[in-house]
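One letter stands for each residue in the lines below.
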Amino acid sequence: MDIDTRLLRYFAAVAEEGHLTRAAERLFISQPALTKQIKQLETQLGVELFTRSRMGMALTEAGRVLAERIPVVLEDWDLALRETRSASSRASHVLRVGFVASAANESTQEIIGSFAQRRPGWRVEMRQTDWSDPTAGLADGQVDAALLRLPFPGQDTLRVEVLITEPRWVGIPTTHPLSELAEIPFRQLWDEPFVATPTESGWWRDYWLATEEREGRPVKIGAIASNPDEWLTAIANGYGVSLTPEATARFYQRPGVTYRPVTGVSPSQVGVAWAPAGDNDAVIGDFVRACLRHRTSATVEQDNI
């Protein structure tokens, strides 16, 4: 019997969390989709894996047996995939680096240049993903390293070094009355509809909605955007406002969209991330060192703004 490893990952997350909602947030998928996948796995195996109740999801005896075996199976499979993909890229002297939106801002090209000095003949292949995967392919081994916005779901399972810290601003329709202010207190945005990332992005979505900095006020969702173009279009059309890194004002100009500093919210950070399996990889190590070489200058640059 062939079982999709994705179903096994979903099962493992629910088994560990004991709760569908928390598992769905961890997996960056909706709860109904996760429920459907668990039922599909149970159908394929012909056994009941969970006992469902208002308290959560309790493993059956069959579920406990599978839960004991799955972590090792998935770990071995992930390692095999990473080593296979890594071998392919190494043979071509290519380092795959994932990123979301503006990567490491203006430092990106400097980082690539520093890596090239350390690894003559090597090429950095930048791979951009949409906002449904805040790890930019790092979590499932699609890339060797990534330049990511922090914090992101699963960050505690990866190696991360902070490179840049910058304020969060707001993207707002140019016609909006608040766009006339030099800076906007976050409190004045609480009742505005927001443009949000997909629910699959888990609590990364909550971070950019600043749900923990609203003193309990609920969020109004005006539109969903999976990438910068959709995001800019939604704001320009007046569907909502959105918190964003300060660098967005430099990288993503669009008629109808105005950027303003926001007070009363925590800053955003950019970090270089890699999987623990890459700790002994000399090529990944050289890329991380290239990133760290520009960390101080990037931080000083941000502090002087």
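Since this is a predicted model, take the numbers as computed values, not measurements. (Residues numbered from 1 in each chain as written. Predicted model: local features only at pLDDT ≥ 70, side-chain atom pairs only at ≥ 80, totals over all residues. Heavy atoms only, no water.)

### As for unusual backbone geometry
- Residue Pro-151 is bonded to the preceding Leu-150 through a cis peptide linkage, with omega at -5°.
- Positive phi values are uncommon outside glycine, yet Ala-101 reaches one of about 60°.
- Of note in this structure, Ala-103 is not a glycine but carries a positive phi near 55°.
- Positionally, Ala-103 belongs in the loop between β3 (94-99) and α5 (107-118). (Helix = DSSP H or I, 4+ residues; strand = E, 2+ residues; numbered from the N terminus.)

### Some words on the pattern of salt bridges
- Counted under the stated rule, the structure contains 17 salt bridges.
- Here Arg-123 ties to Glu-125 by a salt bridge, and the two come within 3.9 Å at their closest N and O atoms.
- Assessed through its relative accessible area of 46%, Arg-123 is described here as partly exposed.
- Among the residues examined, Glu-125 registers a relative accessible area of 23% and is labelled partly exposed.
- Through salt bridges with shared partners, a single network forms among Arg-119, Asp-286 and Arg-289. (Salt bridge = Lys/Arg side-chain N within 4 Å of Asp/Glu carboxyl O. Buried < 20%, exposed > 50% of the residue type's maximum accessible area, 1.4 Å probe, protein only.)

### Looking at the sheet that holds strand β12 (residues 257-263)
- Judged by pairing direction, the sheet is mixed, and its four strands sit side by side in the order β8-β12-β7-β11 without closing on themselves. Whereas interior strands pair on both sides, the edge strands pair on one side only; in this sheet they are β8 (184-185) and β11 (242-245).
- Strand direction decides the pairing type here: β8 and β12, joined by two bridges, are parallel. The partner of Pro-185 across the bridge, within β12, is Thr-263.
- Here helix α7 (residues 228-236) sits on the sheet and contacts β7 (168-173), β11 and β12; the angle it forms with β12, its principal contact strand, is near 90°. (Pairing = 2+ DSSP bridges. Contact = heavy atoms within 4.5 Å. Axes fitted to C-alpha atoms, helices over the stretch in contact; angles between N-to-C directions.)

### Considering the sheet that holds strand β13 (residues 268-274)
- Strand order in this open sheet of five strands is β4-β3-β5-β13-β6, and the pairing throughout is mixed. In this open sheet, the two edge strands, each paired with only one partner strand, are β4 (123-128) and β6 (159-166). Neighbour-to-neighbour, the strand axes of the sheet open up by a mean angle of 25°, direction not taken into account.
- For β3 and strand β5 (residues 145-150), the ladder comprises three bridges, and the chain directions are parallel. When the bridges of β5 are listed, Val-97 appears paired with Ala-145.
- Docked against the sheet, α5 engages β3, β4, β5 and β6, running at close to 145° with respect to β4.
- In the packing of helix α9 (residues 282-293) onto the sheet, the strands contacted are β3, β5, β6 and β13, and the crossing angle to β13 comes to about 160°.

### Considering the confidence of the model for the protein chain
- On average, residues of the protein chain score 88 in pLDDT, and 93% of them are at 70 or above.
- Counting interchain partners and residues more than four positions distant, the pLDDT-below-50 stretch residues 297-305 has 13 contacts. (pLDDT = per-residue confidence, 0-100.)

### Looking at the packing of α5 against α9
- Orientation of α5 relative to α9, taken along the N-to-C sense of each, is 135°, at an axis distance of 8 Å. As far as their axial angle goes, α9 and α5 are oblique. For the pair α5 and α9, the crossing hand works out as right-handed. When α5 is examined against α9, the residues Ile-111, Ser-114, Phe-115, Gln-117 and Arg-118 are found in contact with a partner set consisting of Val-283, Asp-286, Phe-287, Arg-289, Ala-290, Cys-291 and Arg-293. (Parallel < 35°, antiparallel > 145°, perpendicular 65-115°, else oblique. Left-handed = near helix turned anticlockwise from the far one by under 90°.)

### Considerations on the pairing of strand β10 (residues 220-224)
- Here strand β9 (residues 193-196) runs beside β10; their pairing, made up of four bridges, is parallel. Considered in β10, the bridge of Phe-194 is made with Ile-221.
- Taking the sense of rotation as the criterion, the β-α-β connection linking β9, helix α6 (residues 203-209) and β10 turns out right-handed. (Right-handed = clockwise from strand over helix to strand, strands pointing away.)

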